[in-house]
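# Coordinates in review
Here is how the chains run, residue by residue.
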Amino acid sequence: MQMRKLTYTAMWLAVGVALAYLFHLVNLGRMFLPLHLVAMLAGATSGAFVGGVTGAVLPILSFLTMGMPPFPMFLFMIPEVFTYGFVMGVMKKNIFVRILIAVVLGRLVYSVSYYVLGALIGIKLQPLTSILLSFTTGIPGIVLQFILVPLVYRRLQLIFEKGGKENA
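Residues numbered from 1 in each chain as written. Predicted model: local features only at pLDDT ≥ 70, side-chain atom pairs only at ≥ 80, totals over all residues. Heavy atoms only, no water.

### Here's the deal with the overall build of the chain
Each helix and strand counted, the chain has 8 helices and 0 strands in total. Going residue by residue from the N terminus, the α and β elements of the chain occur as α-α-α-α-α-α-α-α. What you see for the chain is a C-alpha radius of gyration of 16 Å, in line with the 15 Å of a compact globule of 168 residues. Summarising its shape, the C-alpha atoms of the chain cover approximately 55 × 30 × 30 Å along the three principal directions. Taken across its 168 residues, the chain has 44% of its residues classed as buried. Considering only residue pairs separated by 6 or more positions, the chain has 66% of its internal contacts joining residues 24 or more positions apart. On the chain, roughly 8800 Å² of surface is accessible, and the fraction owed to carbon and sulfur atoms is 73%. (Helix = DSSP H or I, 4+ residues; strand = E, 2+ residues; numbered from the N terminus. Rg over C-alpha atoms; globule rule 2.2 N^0.38 Å. Buried < 20%, exposed > 50% of the residue type's maximum accessible area, 1.4 Å probe, protein only. Contact = heavy atoms within 4.5 Å. Areas by Shrake-Rupley, 256 points an atom, 1.4 Å probe, with all protein chains shown as cover.)

Structure follows, in structure tokens:
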């Protein structure tokens with residue numbers, strides 16, 4: 001069982017770095033949130049542990065391999081993207097409800113970490129400003145999450161549960 005979690009985590013990390021690279025190649029990474037998308041799918045399909053670890057490690061790997069998200073933004077994203085993946089894995093409700101709750105909680109975690117870590121490294125920002133910024137900058141990515149996550153999730157459910165015997 002642990003080897004399966006390790007394998008899925010490695011797979012999701014590879015997908016996340018590749019997807020982030022493609023999005024950042026055309027300057028759409030910040031707008032469409034590819035790391036968030038992958039963490040959500042990892043959590044939804046592979047569970048809270050895999051989703052959380054994937055979400056926490058992806059911003060670090062992406063920063064180290066591409067410099068995106070830039071410093072210090074990737075620091076604020078670590079707890080945020082962890083939250084996305086973990087929440088998607090913990091909840092067993094309707095996929096749209098899971099996405100909604102993950103987005104709200106993830107963005108709130110981002111706001112808090114932006115405010116707290118930002119204060120520690122000298123960024124002066126009011127709490128309300130940090131909350132509003134976190135919700136408004138990612139609107140296209142959030143819309144994409146509500147479209148792609150359910151579609152990919154349903155397809156991956158078939159592949160993972162049936163051992164790939166369905167026509168993918």
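### Details of the UniProt feature "transmembrane region" (unreviewed entry) in the chain
Per the UniProt record, "transmembrane region" (unreviewed entry) is found at residues 6-26, 38-64, 70-87, 99-125 and 131-153. End C-alpha atoms of residues 38-64 are separated by 18 Å, and the span's content is 96% helix alongside 0% strand. The straight-line gap between the two end C-alpha atoms of residues 70-87 is 25 Å; of that span, 83% is helix and 0% is strand. (UniProt positions renumbered as here; feature names shortened; annotations may be inferred.)

### Quick word on the environment of Asn-27
Locating Asn-27 in the fold gives a position in the loop between helix H1 (2-25) and helix H2 (29-32). The spacing of Asn-27 and Leu-151 is 124 residues in sequence and 24 Å in space, taken between C-alpha atoms.

### Here's the deal with the pattern of salt bridges
Under the definition given, this model contains 1 salt bridge. Glu-80 is the partner of Arg-107 in a salt bridge, and the nearest nitrogen-oxygen pair spans 3.3 Å. Residue Arg-107 is found in helix H6 (residues 95-120), and its partner Glu-80 is found in helix H5 (residues 73-90); the two are separated by 27 residues along the sequence. On the accessibility criterion, Arg-107 (3% relative accessible area) is buried. (Salt bridge = Lys/Arg side-chain N within 4 Å of Asp/Glu carboxyl O.)

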